[in-house]
Amino acid sequence: MTTVAAILFWLSAGLLVYTHLGYPLVLDLLVRLTRRTRDLRFRRPTLSGETELPTVSLIVPAYDEEEVIAAKIADALGLDYPRERLQIVVASDGSTDATAERARAARADLVLELPAGGKVAALNAAAKHATGEILAFSDANSCWAPDALRELVAPFADPKVGYVCGQVRFLDPGGGNLEGAYWRYEMRVREMESAVAGVTAGNGAIYAVRRGAYIPLAPSGSHDLSFPFAFAKRGLRSLYAPAARAEEKMVPTLEGEFARKRRMMVGLWDIVVGEGMISPRGYPALFAFEIASHRLLRYLSPLLHLVAFVANVFLLGDGWLYVLAFALQLGLIAAALLGRFFPIAPFRVARYYTMTTASIAAGLWDRFRNGAGGRWEKAEGTR
């Protein structure tokens, strides 16, 4: 029993350390070895002066977004991109307010008033009606830099590129959420992934897809998670373009962030198993390595923590090292609990990490209780 407990403990603890800390270090080494970039910045293909920019349909899914939709369209109209080559599409998914009317008044090119079906269903409908060679997507509450669209579509000069995501900066006026700090770490990892074999996930604030590569997804699906791995299996790369910048208001509280992530995780298991993320068939070797290291191990983190904790209990009589490990695990839990009442940095980081990890397990629980989901549920405080 002790030997089994020791194997389970070191395997679980090792995988946790690897996915959060070791993997970025391995990526850094791989970037250097592949010699695709020297400064970890994506270098877009060189375009000649005569090269015509592709036509783009900028799609904005919306559900009761009357407060922000006019500003979003104004933001799109202000982009440094030829107006005759830009189609602005608003997909209103069963909105009960003045979203559609305000979108038309703000000069959107196409406003779709759709029956309520969820965000992904709205995206599928909009992609079907869009006319651009490139389909770009943005949240209704995202603000893009003037040159963001040019930077976002530039990598598509390479016909092997199917998906590109930009850099989103989360604004946190209240300072109660650490998602911005985590996202900076995540963007660094994705920048290195992009240089090695392609990103394993994107973000909803700013991304684009080659029209011919678009895949209609089930309501529980996610462009951010599904497209990169699905395209990899079709021989297309998914890249990160850090110069394509956007800003978005963050959920103001950690409790709100937990609720947001929990909703996001409901459909995760359908993507991992049902859509085939977990299957290595069709992946290039390096991309399979990225998926296993960055996605699958992260999603297994709640289970790995539980196994490490229980195994550690059985090993407490086997030396001081296991006593120390158990104390560190209890310390993490205690710091997370104290973080609610004493917002000092170590406690806040511990609280953010534990709640983010717990959201994965909570999403799985909700999936089994209530089904795959797919309904709109906007995070409070982000408009």
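Procedures and definitions
Residues numbered from 1 in each chain as written. Predicted model: local features only at pLDDT ≥ 70, side-chain atom pairs only at ≥ 80, totals over all residues. Heavy atoms only, no water. Axes fitted to C-alpha atoms, helices over the stretch in contact; angles between N-to-C directions. Helix = DSSP H or I, 4+ residues; strand = E, 2+ residues; numbered from the N terminus. Parallel < 35°, antiparallel > 145°, perpendicular 65-115°, else oblique. Left-handed = near helix turned anticlockwise from the far one by under 90°. Nonpolar A, V, L, I, M, F, W, Y, C, P; charged D, E, K, R; others polar. Contact = heavy atoms within 4.5 Å. 1 Å grid on protein atoms, 1.4 Å probe; cavity = no way out; pocket = protein on both sides within 12 Å on 5 of 7 lines; lining within 4 Å. Points joined across faces, edges and corners; volume = space filled by probe spheres on them. Pairing = 2+ DSSP bridges. Core = buried A, V, L, I, M, F, W, Y, C linked by side-chain atoms within 4.5 Å. Buried < 20%, exposed > 50% of the residue type's maximum accessible area, 1.4 Å probe, protein only. Phe/Tyr/Trp six-rings, centres within 6.5 Å; stacked < 30°, edge-to-face > 60°. Lys NZ or Arg CZ within 6 Å of the ring centre and 35° of its normal. Salt bridge = Lys/Arg side-chain N within 4 Å of Asp/Glu carboxyl O. Right-handed = clockwise from strand over helix to strand, strands pointing away.

Look at helix H8 (residues 254-266) against helix H13 (residues 345-370): their axes get within 7 Å of each other, and the N-to-C directions meet at 40 degrees. The angle between H8 and H13 falls in the class oblique. The two elements H8 and H13 cross, and the hand of that crossing is right-handed. Across the contact of H8 with H13, the residue classes tally to 10 nonpolar, 3 polar and 8 charged.

So, on to the packing of helix H12 (residues 320-338) against H13. Two elements in contact, H12 and H13, have axes separated by 7 Å at closest approach and are oriented at 105 degrees. Between H12 and H13, the angle falls in the class roughly perpendicular. The residues of H13 that touch H12, namely those facing Leu-332, Ala-335, Ala-336 and Leu-338, are Phe-347, Ala-350, Arg-351, Tyr-353 and Thr-354. Of the residues that constitute the contact of H12 with H13, the class distribution is 7 nonpolar, 1 polar and 1 charged.

Within this model, the second largest pocket holds a volume of roughly 900 Å³. Taken together, the elements giving at least two residues each to the lining of the second largest pocket come down to helix H1 (2-34), helix H11 (301-314), H12 and H13. The leading source of residues in the lining of the second largest pocket is H12, at 8 residues. Class assignment of the residues belonging to the lining of the second largest pocket gives a composition of 22 nonpolar, 5 polar and no charged.

This part is about the side chain of Ser-238. By secondary structure assignment, the location of Ser-238 is in strand E8 (residues 237-249). Dropping the residues within four chain positions of it, Ser-238 is found in contact with Tyr-163, Gly-198, Val-199, Phe-227, Pro-228 and Phe-231.

Turning next to the environment of Gly-274. Tracing the sequence through the fold places Gly-274 in helix H9 (residues 268-274). Spatially, the C-alpha atoms of Gly-274 and Gly-221 are 9.9 Å apart, while their sequence positions differ by 53 residues.

Strands sit in the order E3-E2-E1-E4-E7-E6-E8-E5 across an open sheet of 8 strands; the sheet is mixed. Unpaired on one side and paired on the other, strand E3 (110-114) and strand E5 (142-144) mark the two borders of the sheet. Across the sheet, the mean angle from the axis of one strand to that of its neighbour is 30 degrees, orientation sign disregarded. Here 4 bridges tie strand E1 (residues 56-62) to strand E4 (residues 134-137), and the two strands are oriented parallel to one another. Looking at E4, one finds that Ser-57 is bridged to Leu-135. Contacting E1, strand E2 (86-93), E3, E4 and strand E7 (207-210), helix H4 (residues 119-129) crosses the sheet at an angle of about 135 degrees to E3. Its contacts with the sheet place helix H7 (residues 223-232) against E4, strand E6 (161-171), E7 and E8, and it is angled at close to 150 degrees to E6.

On to the nonpolar core, then. Taken as a class, soluble globular proteins show a tendency for nonpolar side chains to be buried jointly. One finds Trp-144 and Leu-149 to be the most contacted residues of the largest nonpolar core, which totals 71 residues. In this structure, Ala-201, Leu-268, Tyr-283 and Phe-287 belong to the second largest nonpolar core, which totals 24 residues.

Under the counting rule described, the total for this entry stands at 12 aromatic pairs. With a centroid separation of 6.3 Å and 65 degrees between ring planes, the pair formed by Tyr-18 and Tyr-23 is classed as edge-to-face. The positively charged end of Lys-233 is found above the aromatic ring belonging to Tyr-283, 4.2 Å away from the centroid.

A few words on the pattern of salt bridges. Within the structure shown, the criterion is met by 19 salt bridges. The partner of Arg-190 in a salt bridge is Glu-186, with the nearest N and O atoms 3.2 Å apart. With Arg-190 and Glu-186 both in helix H6 (residues 179-196) and 4 residues apart, this pair spans about one turn of that helix. Between Asp-366 and Arg-369 there is a salt bridge, with the nearest N and O atoms lying 2.8 Å from each other. Of this pair, Asp-366 and Arg-369 both sit in helix H13, 3 residues apart, roughly one helical turn. On the accessibility criterion, Asp-366 (11% relative accessible area) is buried.

What follows concerns the pairing of E2. Burial analysis of E2 places 8 of its 8 residues in the buried class, the great majority of the element. Burial of the side chains of E2 extends over both faces: Leu-86, Ile-88, Val-90 and Ser-92 are buried on one face and Gln-87, Val-89, Ala-91 and Asp-93 on the other. Here E1 pairs with E2 via 7 bridges, running parallel. Across the sheet, residue Val-56 finds its bridge partner in E2, namely Leu-86. Taking the sense of rotation as the criterion, the β-α-β connection linking E1, helix H2 (residues 69-77) and E2 turns out right-handed. With 5 bridges joining them, E2 and E3 adopt parallel strand pairing.

Before going further, it helps to examine unusual backbone geometry. With phi around 50 degrees, Asp-64 is a residue other than glycine that occupies positive phi space. When you line up the elements, Asp-64 lands in the loop between E1 and H2. Phi is positive for Arg-107, which is not a glycine, with a value near 80 degrees. Its location among the elements puts Arg-107 in the loop between helix H3 (99-105) and E3. Under the relative-accessibility criterion, Arg-107 is labelled exposed at 57%.

Worth remembering: the numbers are spatial, not functional.
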